[in-house]
Amino acid sequence: MRDVIKLFLIVTIFSAVSGWALATVRNLTGERIEIQQLTYVKGPALKEILAGSSNDPITDRFKVPDGKKQIDVFTGVFEGKKNTVAFEVSGKGYGGNIGIMVAFNIEKDELAGIGVTTHSETPGLGARAKTEPSFRAQFKGVSINKPVKVRPEGGDIDALSGATVTSKGVCAGVNDSIEIYKRLKIEILKNIKG
Amino acid sequence: MGDYFLLAISCIFVNNILLAQYLGNCPFLGVSKKMETATGMATAVIFVLVLAGAITWALSHYILKPFDLEYLQTLSFILVIASLVSFVELFLKKSIPALYSGLGIFLPLITTNCAVMGVCLINIKEEYNFLETLVSSFTYPAGFGLALVLYAGLRERILLARVPKPLQDTAIGLVGAGMMSLAFMAFKGMA
Amino acid sequence: MAKSFVQEFTKGLWTEIPPFRLVLGLCPTLALTKSLENGVGMGVAFTFVLILSNILISMLRNVIPKQVRLSCYIIVIATFVTIVELLMQAYAFPLYQKLGIFIPLIVVNCIVLGRAEAFAAKNGVIPSIADALGMGIGYTLALGTLAAFREIFGAGTLTFPFINYSIHNVLGSSYKPFTFLVEAPGAFVCLGLMLCVMNMLGKK
């Protein structure tokens, strides 16, 4: 019995030391990791949809609580005014989740553009959501008053040929983002003014 | 329901864990020489992975995420898998000896089978909900089993063929696996 | 047991080079050899983990009780893997994204656990370092060679790790890339053929 306790103690000590070591490394690298993640994962999509903004959207970000979650909201400055915000949502694609960065024009209450951050769609089919700008361009300037749909379902968006699941997933993600935008608009405005 | 069906098809065929995601290759080459061992390994992996998938999902969502401990994911997952495997081994030995005699020798090998850890990590990375996790934890190893059994059949045939000396054993096995992977790639067109 | 440092080091480079001679750790070998950058990046991360875990395990080899040695090894290895994971996220994020779940999966890479059990647990610190260094460099070389071959012929490009530099059209602009090689089936076939070449070259 004493042996078992000794063995158990040794394993516990090992785990404790390892946990402590990891926590230390984590604390040292935490801040850098956050910045790197934003720059590499969300940066390219942000740059595309907020092209021409006079600020760096990654520096001008703030957090807005939505239920239990915290949403990172990025701001774009156009013509000297903070009039565009962007945040990320996800839609279901064929190969898994698609991360979609959606930008809204606050003054006109319309979509300012969408960009794809992460996805695992089939190259040459669904992956064109990320590589073909013409598909994403259809979302620019769309009003937030009615849900976005692909053409066969009675909407105005031309689906990517051979990738209906992906196209529908993107639309569903955009619709989610519209709901979130409507829900959080007051909070967002407060943050921008303040 | 349709979503789950789609997920299952994608896990078994389109994203087959062995042939498209390259996970679990060591046991794939190791136990595929005979049909019997191949089916034994496949069953053992399915059994352990369904349990491991459910437990690691709960661990991640109820402990790691709420307490902001996601950096302990690798460490905690491997410990869960290792202890789960020992536990299953003990349990089977005591209560279902018949099953143990079939699966016993494969169980210790599962700890270092990267397919098990891999699927647990994929479940978290793809942000599956609990049901989706169960579906993927069952269908990924099912796809593994399918590939393993088909491939064991191939390899039993290869034994009868005259293979050039340098290509014998693992080398020809890998080339054969490549051909199977080519066949499975056809499923990618089902978008 | 009285082999010299050099002997322990060089066995990992040729006579026991993983994954060709020791057919272990195949998953990253297949998955991460689409480009030279991925292959070498994985090799370096792997070497780092292997060296540190070998050092620590050989230092603690008299402290760790036999019955729980595997759990202790796994804890040690998992700790170093997580450290590599965090460091890569902070300093080499694009590479981290490309290697994806294969970084945490170093934990279950049979080579690391195999070296801990077969070598570090029985030898002193210095030979264990030599062993890990040899195995690590051997693995990196193997991955690098396979990756360079697949990338040059399969995509027609060559990307160098860490310096952010790549050559397009290695084989001239008229070369039509043989895409089969960078897809999954190509990985299996290439590795099979590499093994065949190694077998032909013989043990010595």
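For clarity, every value in this text was computed on a predicted model and none was experimentally measured.

### Structural notes on the interface of chain A and chain B
When the parts come together, some accessible area is lost, and that loss is often what is quoted as the size of the interface.
Here is step 1 of the chain: Listed by partner, the interface residues are 13 residues for chain A and 10 residues for chain B.
Here is step 2 of the chain: Approximately 1,100 Å² of surface area, both sides summed, lies buried where chain A meets chain B, with 59% of it carried by carbon and sulfur atoms.
Here is step 3 of the chain: On the chain A side of the interface with chain B, the three residues burying the most area are Leu22(A), Tyr94(A) and Asn97(A), jointly 41% of the side's total.
Here is step 4 of the chain: Where chain A touches chain B, the interface holds 1 salt bridge.
Here is step 5 of the chain: Across the pair Lys92(A) and Glu132(B) runs a salt bridge whose closest N-O atoms are separated by 4.0 Å.

### Concerning the sheet that holds strand β3 (residues 81-92) of chain A
All names here are of chain A.
Here is step 1 of the chain: Read from one edge to the other, the open sheet built from 5 strands follows the order β1-β2-β3-β4-β5, with strand pairing classed as antiparallel. Single-partner strands in this sheet number two, and they are β1 (61-66) and β5 (110-116). Strand-to-strand, the axes of this sheet are offset by a mean angle of 35°, without reference to chain direction.
Here is step 2 of the chain: Of the strands in this sheet, β1, β2 (69-78), β3, β4 (97-105) and β5 are in contact with helix α1 (residues 2-49), which crosses β5 at around 125°.

### A few points about the pattern of salt bridges
Residue and element names in this part refer to chain A.
Here is step 1 of the chain: For the structure shown, the criterion picks out 15 salt bridges over all chains.
Here is step 2 of the chain: In this structure, Lys 185 engages Asp 109 in a salt bridge whose closest nitrogen and oxygen atoms are separated by 3.1 Å. Of this pair, Lys 185 sits in helix α4 (residues 164-193) while Asp 109 sits in the loop between β4 and β5, placing them 76 residues apart in sequence.
Here is step 3 of the chain: Note that Lys 190 and Glu 187 form a salt bridge whose closest N and O atoms lie 3.4 Å from each other. Of the two residues, Lys 190 and Glu 187 both sit in helix α4, 3 residues apart, roughly one turn of that helix.
Here is step 4 of the chain: By relative accessible area, which is 54% here, Lys 190 ends up exposed.
Here is step 5 of the chain: Exposure remark for Glu 187: the relative accessible area of 29% places this residue in the partly exposed category.

### So, the packing of aromatic side chains
Here is step 1 of the chain: Taken as a whole and judged by the stated rule, the model has 14 aromatic pairs over all chains.
Here is step 2 of the chain: Consider the rings of Phe46(C) and Tyr139(C), whose centres lie 4.3 Å apart with planes at 40°: the pair is tilted. In this pair, Phe46(C) sits in helix α3 (residues 36-59) while Tyr139(C) sits in helix α7 (residues 125-154), placing the two residues 93 residues apart along the sequence.
Here is step 3 of the chain: Assessed through its relative accessible area of 0%, Tyr139(C) is described here as buried.
Here is step 4 of the chain: Here a set of aromatic residues connected by ring pairs shows up, and it is made of Tyr40(A), Phe93(C) and Tyr96(C).

### Thoughts on the interface of chain B and chain C
Here is step 1 of the chain: Counting residues at the interface gives 36 residues for chain B and 39 residues for chain C.
Here is step 2 of the chain: When chain B packs against chain C, close to 3,000 Å² is buried across both sides, 84% of that on carbon and sulfur atoms.
Here is step 3 of the chain: Linking chain B to chain C there are 2 residue pairs in polar contact (both at pLDDT 80 or more).
Here is step 4 of the chain: Only α2 (25-30), α4 (73-95), α7 (114-125) and α9 (170-185) of chain B provide two or more residues apiece to the side of chain B that touches chain C.
Here is step 5 of the chain: Ranked by residues supplied to the side of chain B that touches chain C, first place goes to α9(B) with 10 residues.
Here is step 6 of the chain: Here the side of chain B that touches chain C is built from residues that sort into 25 nonpolar, 10 polar and 1 charged.

### Thoughts on a nonpolar patch on the surface
Residues and elements named next belong to chain C.
Here is step 1 of the chain: Judged by side-chain polarity, Phe 149, Phe 153, Tyr 165, Ile 167, Val 170 and Leu 171 come together as a nonpolar surface patch covering roughly 500 Å² of accessible area.
Here is step 2 of the chain: Those elements that place two or more of their residues in the nonpolar patch are α7 and β2 (165-167).
Here is step 3 of the chain: In this structure, Tyr 165 sits in strand β2.

### Observations regarding the pairing of β4(A)
Residues and elements named next belong to chain A.
Here is step 1 of the chain: When you tally the buried positions in β4, you get 9 out of 9 residues, the bulk of the element.
Here is step 2 of the chain: Burial along β4 is two-sided: the face carrying Asn 97, Gly 99, Met 101, Ala 103 and Asn 105 and the face carrying Ile 98, Ile 100, Val 102 and Phe 104 are both buried.
Here is step 3 of the chain: Linking β3 back to β4 in an antiparallel pair, the connection comprises 4 residues, with Gly 96 at a positive phi of about 140°.
Here is step 4 of the chain: In this structure, β4 lies alongside β5, joined through 6 bridges in antiparallel fashion.

Parameters at a glance
- Residues numbered from 1 in each chain as written.
- Chains lettered and ligands numbered in written order.
- Predicted model: local features only at pLDDT ≥ 70, side-chain atom pairs only at ≥ 80, totals over all residues.
- Heavy atoms only, no water.
- Contact = heavy atoms within 4.5 Å.
- Buried area = accessible area lost by both parts, 1.4 Å probe.
- Salt bridge = Lys/Arg side-chain N within 4 Å of Asp/Glu carboxyl O.
- Pairing = 2+ DSSP bridges.
- Helix = DSSP H or I, 4+ residues; strand = E, 2+ residues; numbered from the N terminus.
- Axes fitted to C-alpha atoms, helices over the stretch in contact; angles between N-to-C directions.
- Buried < 20%, exposed > 50% of the residue type's maximum accessible area, 1.4 Å probe, protein only.
- Phe/Tyr/Trp six-rings, centres within 6.5 Å; stacked < 30°, edge-to-face > 60°.
- Polar contact = N/O pair within 3.5 Å; in protein donor to acceptor, adjacent residues only side chain to side chain.
- Nonpolar A, V, L, I, M, F, W, Y, C, P; charged D, E, K, R; others polar.
- Patch = residues over 30% accessible without salt bridge, like charges linked within 9 Å, V, L, I, M, F, W, Y side chains within 5 Å.
- Areas by Shrake-Rupley, 256 points an atom, 1.4 Å probe, with all protein chains shown as cover.

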